[in-house]
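Results of the structural survey
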Amino acid sequence: MVRPRTISDDQILQTALQCFLDHGPSVSMDTIAEQLNVSSQALFKRFGTKQELLLASVAPCEPAPWLPLVEAGPDGRPLEEQLAEILGELADFFVDIARRVSVLRFSGVEPKELMNRFDEPPPLVEIRALAGWLQRSVDQ
C-alpha cells in the first residue's frame, strides 16, 4: 500500500528555493528535508537528484509576475504613474532573478542551458510584452 503524500511538490519547491537562496547550491538534501519534516529519501524519490530539485526550484519557469501588468495596459491612469508601477515590479523581479541566476551559476548550470528548455526564451517574450506596452502608450 502506497503512503499518501503529506506534502505537495509546490511546498517542496518553495522550501528548496529558499534553502538554495539562503545557503547556495551546496546546501544538503538533508537540510532541505529537515525544513520540510520529511526524509531526504522522500525528496530523491520525487525529484531523482539534487540537480533536478535545484533546477525545478531555482530556474524561473513561470511567467514573470509583472507580465500581466504590461499586457493589460496602458490603462486610464497617467502614464508616469503606470510606468513607475511597472518599473517597481521590474526592479523586484530582477533582484529575484539575479539571486536565482547566481545560485545556478555557482552550481555549474549555464543560462544558455536553461534557455534551451523553452521554445521561445522568456526574456524575449517579456521584452516583446514591454515593447508592446510602450508602443500602445505612444499610440495613445
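These lines cover the structure that appears in this document, whether it is placed above or below. Predicted model only: the values in this text are computed from it and were never measured.

The rules we used
Residues numbered from 1 in each chain as written. Predicted model: local features only at pLDDT ≥ 70, side-chain atom pairs only at ≥ 80, totals over all residues. Heavy atoms only, no water. Helix = DSSP H or I, 4+ residues; strand = E, 2+ residues; numbered from the N terminus. Phe/Tyr/Trp six-rings, centres within 6.5 Å; stacked < 30°, edge-to-face > 60°. Axes fitted to C-alpha atoms, helices over the stretch in contact; angles between N-to-C directions. Parallel < 35°, antiparallel > 145°, perpendicular 65-115°, else oblique. Contact = heavy atoms within 4.5 Å. Nonpolar A, V, L, I, M, F, W, Y, C, P; charged D, E, K, R; others polar. Buried < 20%, exposed > 50% of the residue type's maximum accessible area, 1.4 Å probe, protein only. Arc of directions from axis to C-beta.

**Notes on unusual backbone geometry**
- Gly-73 connects to Pro-74 through a cis peptide bond whose omega is 5°.
- For Pro-74, the location among the structural elements is in the loop between helix 5 (67-72) and helix 6 (79-106).

**Brief notes about the packing of aromatic side chains**
- Tallied over the entire structure, the rule returns two aromatic pairs.
- Through successive ring pairs, a cluster of aromatic residues spans Trp-66, Phe-93 and Phe-94.

**Thoughts on the packing of helix 6 against helix 8 (residues 122-139)**
- Where helix 6 meets helix 8, the closest approach of the two axes is 12 Å, and the angle between their N-to-C directions is 170°. Judged by the angle between their axes, helix 6 and helix 8 are roughly antiparallel. Taken together, the residues of helix 8 that come into contact with helix 6 (itself represented by Leu-79, Gln-82, Leu-83, Ile-86, Leu-90 and Phe-93) are Glu-126, Leu-130, Trp-133 and Ser-137.
- In terms of residue class, the contact of helix 6 with helix 8 is made up of seven nonpolar, two polar and one charged.

**As for helix 3 (residues 40-47)**
- Along helix 3, the residues classified as buried are Ser-40, Leu-43 and Phe-47. One side of helix 3 carries all its buried residues, which in axial view fall inside an arc of 55°. Of the exposed residues in helix 3, those oriented more than 90 degrees away from the buried face are Gln-41 and Lys-45.
- Summarising the contacts, the buried residues of helix 3 are in contact with helix 1 (9-23), helix 2 (29-36) and helix 4 (50-58).
- Just past helix 3, the residue Gly-48 takes up positive phi, approximately 80°.

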